[in-house]
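Understanding the architecture of this molecule
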Amino acid sequence: MASSQCCENPPSLSWNSGEGTIVDDFGGLKAYTSGSPDSKAAILLVSDVFGFEAPNLRKLADKVAASGFFVVVPDFFHGDPYVPERSPITTWLQSHGVAKGFEEAKPVVAALKSKGLSAVGVAGICWGAKVVVELAKSSEIQAAVLLHPSFVTVDDIKVVKCPITVLGAEIDKTSPPELVKQFEEVLSSKSEVDSFVKIFPGVVHGWTVRYDVNDESAVKNAEEAHKHMLDWFVKYVK
């Protein structure tokens, strides 16, 4: 489920943020891309409900691209990211459900592979984590990372097929530490799937992308999570 924490501290969206470029059609979706398309390794970033224009998300995409990956951040919401002032999150989700996101993500992965990017890792943030865990149930991707996930269940984790990292927050109503620990227990019993699970102390759901760039402690906590994500992709995708 989505909690109020999923909607707190919304970013100031910026169409022009980031060092990458906007493409009109990547696997059927408009997308922000960063890095060299000549790379053989790609990372798909699936946003939270605030969408692909969030500056911190694009900054993360650029950071991943700087490590040699081609990164794509699609606009799964078709120009309609969640705006708290407009409607309740439950109403918005009726038009932007995670099942729809999963169906739209599959052609993006296929488009990456059609361009010669033979290895694909996928990271999902909050809403996006459910999309990623659905992709991780197939053999189409090489690695997955879930950052403060929403909607993800123990049953989802039981059928994951690729190496997966789960990064949770200590203060999280959506995926509380008790649930993340259940994920860890399930994954530890799956010897065929490598995994890493960490609950970050003292941080709140959303800390990896919805942080204040002027808050040194918040930036440090976010960057620690980013490093875990990047290390995982270097290990299994690059």
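Calculation criteria
- Numbers given to residues run from 1 along each chain, matching the order in which its sequence is written.
- Reporting of local features is limited, given that this is a predicted model, to residues whose pLDDT is at least 70; pairs of side-chain atoms are given and counted only at 80 or more, and all residues count toward the totals for whole chains, interfaces and linings.
- By convention in this description, side-chain values take in all heavy atoms of the structure and omit both hydrogens and water.
- By definition, any uninterrupted DSSP run of H or I lasting at least four residues is a helix, any uninterrupted run of E lasting at least two residues is a strand, and each is numbered from the N terminus.
- Contact between two residues is taken to exist if any of their heavy atoms lie within 4.5 Å; hydrogens are not considered.
- Only four residue types enter the tally: Lys and Arg on the positive side, Asp and Glu on the negative side, with His and both chain ends excluded.
- For charged residues, the charge sits on one atom: NZ in Lys, CZ in Arg, CG in Asp, CD in Glu.
- UniProt positions are given in the numbering used here, feature names are shortened, and annotations may be inferred rather than shown by experiment.
- By the convention used here, strands pair only if DSSP detects at least 2 bridges between them.
- Only C-alpha atoms enter the line fits that serve as axes; for helices the fit covers just the stretch in contact. Angles between N-to-C directions range over 0 to 180 degrees.
- What we call a nonpolar core is a set of buried Ala, Val, Leu, Ile, Met, Phe, Trp, Tyr and Cys residues that are connected through their side-chain atoms within 4.5 Å.
- Burial status follows relative accessibility: with a 1.4 Å probe on protein chains alone, a residue under 20% of its type maximum counts as buried, one over 50% as exposed, and anything between as partly exposed.
- A clockwise course of the path from the first strand over the helix to the second, judged with the strands pointing away from the viewer, identifies a crossover as right-handed.

1. A short note on the overall build of the protein
Broken down by element type, the protein carries 7 helices and 8 strands. The principal-axis extents of the C-alpha atoms in the protein amount to approximately 45 × 40 × 35 Å. A fraction of 70% describes how many contacts in the protein between residues 6 or more apart in sequence connect residues 24 or more apart. Averaging the locations of the 23 positively and 30 negatively charged side chains of the protein gives two centres separated by 4 Å.

2. Some details on the UniProt feature "domain: Dienelactone hydrolase" (unreviewed entry) in the protein
As annotated by UniProt and renumbered to match this structure, "domain: Dienelactone hydrolase" (unreviewed entry) occupies residues 31-236. Secondary structure within residues 31-236 divides into 40% helix and 22% strand; the distance between the first and last C-alpha atoms comes to 24 Å.

3. A word on the sheet that holds strand β3 (residues 41-46)
If you trace the 8 strands from one edge of the open sheet to the other, you get β1-β2-β4-β3-β5-β6-β7-β8, paired in mixed fashion. Both edges of this open sheet fall to β1 (21-26) and β8 (195-204), since each of them pairs with a single strand only. For this sheet, the mean angle separating the axes of adjacent strands, direction not counted, is 20°. Of the strand pairs in this sheet, strand β2 (residues 29-34) and strand β4 (residues 70-74) are connected by 4 bridges, and their pairing is antiparallel. Considered in β4, the bridge of T33 is made with V72. Across the sheet, helix α3 (residues 98-114) lies against β1, β2, β3, β4 and β5 (119-125), angled at about 155° from β4, the strand it touches most. Of the strands in this sheet, β3, β5, β6 (143-147), β7 (164-171) and β8 touch helix α7 (residues 216-236), which is tilted by about 170° from β8.

4. Re the nonpolar core
Counting 51 residues, the largest nonpolar core has W127, I141 and L146 as its most contacted members. With 7 residues, α3 is the single largest residue contributor to this core. The residues touching L146, leaving out its near neighbours within four places in the chain, are G124, A129, V132, V133, V152, I157, I164, T165, V166 and L167. Grouped together as the second largest cluster of nonpolar side chains are 33 residues, A41, F52, L167 and F233 included.

5. A short note on the side chain of H226
Mapping H226 onto the fold places it in helix α7. Judged by its relative accessible area of 3%, H226 falls in the buried class.

6. Structural notes on the environment of P149
With respect to the helices, strands and loops of the structure, P149 is situated in the loop between β6 and α5 (154-158). Between the C-alpha atoms of P149 and G128, which are 21 residues apart in sequence, the distance is 7.5 Å. What P149 contacts, discounting residues up to four positions off in sequence, is C126, A129, V166, L167, T174, S175, F183 and H205.

7. Some words on the pairing of β4
Counting buried positions along β4 yields 5 of 5 residues, so the element is predominantly enclosed. Residues F70, V72 and P74 of β4 are buried on one face, and the alternating residues V71 and V73, pointing to the opposite face, are buried as well. Note that the unit made of β3, helix α1 (residues 55-65) and β4 has a crossover that is right-handed.

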